[in-house]
Amino acid sequence: WVGWAWQGVSGWVRLGEAVLEMLSLGLLKIFSPIFVPPPDMFRRVVRQSKFRHVFGQAVKNDQCYDDIRVSRVTWDSSFCAVNPKFVAIIIEASGGGAFLVLPLHKTGRIDKSYPTVCGHTGPVLDIDWCPHNDQVIASGSEDCTVMVWQIPENGLTSSLSEPVVVLEGHSKRVGIVTWHPTARNVLLSAGCDNLIIIWNVGTGEALINLEDVHPDVIYSVCWNRNGSLICTACKDKKVRVIDPRKEEVIAEKDKAHEGARPMRAIFLADGNIFTTGFSRMSERQLALWNPQNIEEPISVHEMDTSNGVLLPFYDPDTNIVYLCGKGDSSIRYFEITDEAPYVHYLNTFSTKEPQRGMGYMAKRGLDVNKCEIARFYKLHERKCEPIIMTVPRKSDLFQDDLYPDTAGPDCALEAEEWFEGKNGDPILISLKHGYVPGKNRDLKVVKKNILENKPAKKTEHTAPAHKQVSSTPSIQSEAKLDEILKEVKSLRDLIGSQEKRIAKLEEQMSKIAI
């Protein structure tokens, strides 16, 4: 055999023939000690996962929302926001910006005269539903303002042009709005002035201004699970992790993706960061990072050479990331685990039509009886098409492994508590018996007295619990006092006018009597 091996190619051929002959004669058993299989030869080739067979399915035409003029504005946002009650879609509007708010059941053709939310004077760039109130939505626009709207419980019956509050503080267009995940009435906005502002919507005040942190346009902002940190992706190719209350950058990675096209960065449930971007050769990439050691990625994957920006949608309950490229006709989904290579490709849902935008339903809005683990609202040029992601299961019983307790609509903190430094994890609910929406309370904005010059930072040294208890009632009592004073003034005016009228009538009666 050694002699054959030294004879070159012909020798190796003869050696192979000899082995085959031995196999046919069954003589290989004699030499079995020579052939020791490597230890990983019999390892499973296919990774075990309950989400390996997830499949997507578009609904029938009569369950779509037709004849909608989806916005053509050049901005890389999703243009659509969904919650268990409504779907909101940014649309083309002459003489300003507008978006549609449709109850989920109002499918079919949408009439051109259907009422819109139309208070902005420039095109709307981003919208986001409040996670703690299914009737409150925020919008950012090219007119440099952020507006917060209260939608009637059964949807719009007439166009809505008066917001609950207008938040003014940006000097350029506002392209990102996102609500705090656990604190009530805390809203973040980011504009093309490279400024991030965090608002207390309950008072209409800008309480945190993150300026001089980003030297260029901010592509994306995302809160972490409990809302104590934010991560941002910027045009300077840096991904930053920021503590907004301390106003300091905790970690940053330069050239997370080396390409010039826009990046996206989102927090995962375990605190890691998932990013999408482009390589130097314009290949689309996705990467996983640990903020504690952000210099080297945990994992990097190259996908394709398409030029559409990848919008990531994350499900913290199942640890699945869905990637929807603007202009693509597919949704790719990946499972994030602790095993290498950490980001595992699951499948791709493909259609013929490219997507202009995408809405993602909160977990509590899904149908648990059909093993639905995600629902997307795909925007076409003139249509919105729901796409349902399902795990095939034979049993009709509730699947505990697919639906762990998920974030509910109740907030863990009030705005004042969060600004004082407290953190709270999401309050979880079970979906075993389905989600039953509760009664949403109206959003009320109480403007503080401008003449009150008590600086907020000096009171931070006092006990936070006592401060929170005392601050909210004082604001409410001030508002009630203002209302009472207005009523008293109007009553005085009414009495005065009635007295004058009585005096005139008495004078006329006296003349008639004479």
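Numbers given to residues run from 1 along each chain, matching the order in which its sequence is written. Thresholds applied to this predicted model are a pLDDT of at least 70 for local features of residues and 80 or more for the giving and counting of side-chain atom pairs; totals over whole chains, interfaces and linings are not thresholded and use all residues. Derived side-chain values reflect all non-hydrogen atoms in the structure, with water molecules and hydrogen atoms excluded from consideration.

Caption draft 1: Expanded view of the overall build of the protein chain. In terms of helices and strands, the protein chain carries four helices and 32 strands. With a 1.4 Å probe rolled over the protein chains alone, any residue whose accessible area is under 20% of its type maximum counts as buried; one over 50% counts as exposed, and the rest are partly exposed. Evaluated residue by residue, the protein chain yields a buried proportion of 48% over its 514 residues. Working rule for contacts: check all heavy atoms of both residues, and any pair within 4.5 Å makes them a contact. Taking all contacts inside the protein chain whose residues are at least 6 apart in sequence as the whole, residues at least 24 apart take part in 52%. Shrake-Rupley sampling with a 1.4 Å probe provides the accessible areas, and residues are treated as covered by the protein chains on show and by no other component. A total accessible area of about 27,300 Å² is found for the protein chain, and carbon and sulfur atoms account for 53% of it. Secondary structure elements are taken from DSSP: a helix is a run of H or I of four residues or more, a strand is a run of E of two residues or more, and numbering for both begins at the N terminus.

Caption draft 2: Spatial organisation of the packing of aromatic side chains. What counts as a ring pair is set by centres within 6.5 Å for rings of Phe, Tyr and Trp (its six-membered ring), and what kind of pair is set by the plane angle: stacked under 30 degrees, edge-to-face over 60, tilted for all other angles. Applying the stated rule across the entire model yields 13 aromatic pairs. Where phenylalanine 99 meets tryptophan 149, the ring centres are 6.4 Å apart and the plane angle is 80 degrees; that geometry is what we call edge-to-face. Residue phenylalanine 99 is located in strand β5 (residues 97-103), and its partner tryptophan 149 is located in strand β10 (residues 145-150); the two are separated by 50 residues in the primary sequence. In this pair, the class of phenylalanine 99 matches that of tryptophan 149, namely buried. Seen from their ring centres, phenylalanine 398 and tyrosine 403 are 5.7 Å apart, and the 25 degrees between their planes marks the pair as stacked. No difference in accessibility class separates phenylalanine 398 from tyrosine 403, as the two residues are buried. Members of the aromatic cluster, each reached through a chain of ring pairs, are Phe313, Tyr322, Tyr333, Tyr360 and Phe376. Geometry around phenylalanine 79 places lysine 326 over its ring, the cationic atom sitting 3.9 Å from the centre. Our definition puts a charge over a ring when NZ of Lys or CZ of Arg is within 6 Å of the ring centre and also within 35 degrees of the ring normal.

Caption draft 3: Just the side chain of serine 189, in detail. Counting through the fold element by element, serine 189 comes out in strand β13 (residues 186-191). Engagement of the side chain of serine 189 in a polar contact is seen with the side chain of histidine 170, the distance being 2.8 Å. Residues in contact with serine 189, not counting those within four places in the same chain, are Val146, His170, Val174, Ile176, Val177, Leu195, Ile196, Ile197 and Trp199. Two N or O atoms form a polar contact when they lie within 3.5 Å of each other; inside protein one atom must be a possible hydrogen donor and the other a possible acceptor, and for residues adjacent in sequence the pair counts only when both atoms belong to side chains.

Caption draft 4: Layout of the sheet that holds strand β15 (residues 205-210). We treat two strands as partners when DSSP finds at least two bridges between them. Within the open sheet, the four strands sit side by side as β12-β13-β14-β15. Their pairing is antiparallel. Looking at strand neighbours, the two that pair on one side only are β12 (174-179) and β15, the edges of this open sheet. Geometrically, the sheet is characterised by an average inter-axis angle of 25 degrees between neighbouring strands, direction not taken into account. Across five bridges, β12 lies against β13 in antiparallel orientation. Counted as the bridge partner of valine 174 is glycine 191 from β13. Fitting a line to C-alpha atoms yields each axis, with helices limited to the stretch in contact; the angle taken between N-to-C directions then spans 0 to 180 degrees.

Caption draft 5: Spatial organisation of a nonpolar patch on the surface. For patches, a residue must show more than 30% relative accessible area and have no salt bridge; joins then use 9 Å for like charges and 5 Å for nonpolar side chains, namely Val, Leu, Ile, Met, Phe, Trp and Tyr. In what follows, salt bridge is the name for a side-chain nitrogen of Lys or Arg lying within 4 Å of a carboxyl oxygen of Asp or Glu. Residues Leu491, Leu494 and Ile495 make up a contiguous nonpolar surface patch of about 290 Å² in total accessible area. Topologically, isoleucine 495 is positioned in helix α4 (residues 464-513).

Caption draft 6: Geometry of the nonpolar core. Within the largest apolar cluster, 40 residues are counted, with the highest numbers of intra-cluster contacts made by Ile68, Val87, Ile89, Phe99, Val101, Ile151 and Tyr377. Taken together, the elements giving at least two residues each to this core come down to β3 (80-82), β4 (86-91), β5, β8 (124-129), β10 and β29 (372-379). At six residues, the largest contribution of residues to this core is made by β4. Tyrosine 377 has contacts with Tyr65, Cys80, Val82, Val87, Leu104, Gly357, Met358, Gly359, Met361, Cys384, Glu385 and Pro386, leaving out every residue within four places of it along the chain. In this description, a nonpolar core means a group of buried Ala, Val, Leu, Ile, Met, Phe, Trp, Tyr and Cys residues linked to one another through side-chain atoms lying within 4.5 Å.

Caption draft 7: Layout of the sheet that holds strand β27 (residues 343-350). A sheet is described by the order of its strands in space; here four strands give the open sequence β24-β25-β26-β27, paired in antiparallel fashion. Each edge of the open sheet carries a strand with a single partner, namely β24 (310-315) and β27. Going from strand to strand, the sheet's axes swing by 25 degrees on average, the running direction of each strand aside. Across five bridges, the pairing between strand β25 (residues 320-325) and strand β26 (residues 330-336) is antiparallel. Counted as the bridge partner of leucine 323 is arginine 332 from β26.

Caption draft 8: Representation of the pairing of β29 in the model. Where burial is concerned, most of β29 is hidden: eight out of the eight residues are buried. With four bridges joining them, strand β28 (residues 357-360) and β29 adopt antiparallel strand pairing. Residue glycine 357 lies in a different strand from β29, and its bridge partner there is leucine 379. Looking at chain direction, β29 and strand β30 (residues 383-390) are connected through seven bridges and run antiparallel. Looking at β30, one finds that arginine 375 is bridged to isoleucine 388. The hairpin formed by β29 and β30 contains three residues between the paired strands.

Caption draft 9: Broad picture of the pairing of strand β21 (residues 273-278). For β21, the tally of buried residues reaches six of six residues, placing the bulk of the element in the interior. Bridge analysis of strand β20 (residues 264-267) against β21 gives four bridges, and the strand direction is antiparallel. Along β21, the bridge assignment pairs isoleucine 266 with phenylalanine 274. When β21 meets strand β22 (residues 284-289), the two strands line up antiparallel, connected through six bridges. In the strand pairing of β22, phenylalanine 274 is matched with leucine 288. Between the antiparallel neighbours β21 and β22 lie five residues, among them serine 282 with a positive phi of about 65 degrees.

Scope: geometric values only; no functional claims are made or implied.
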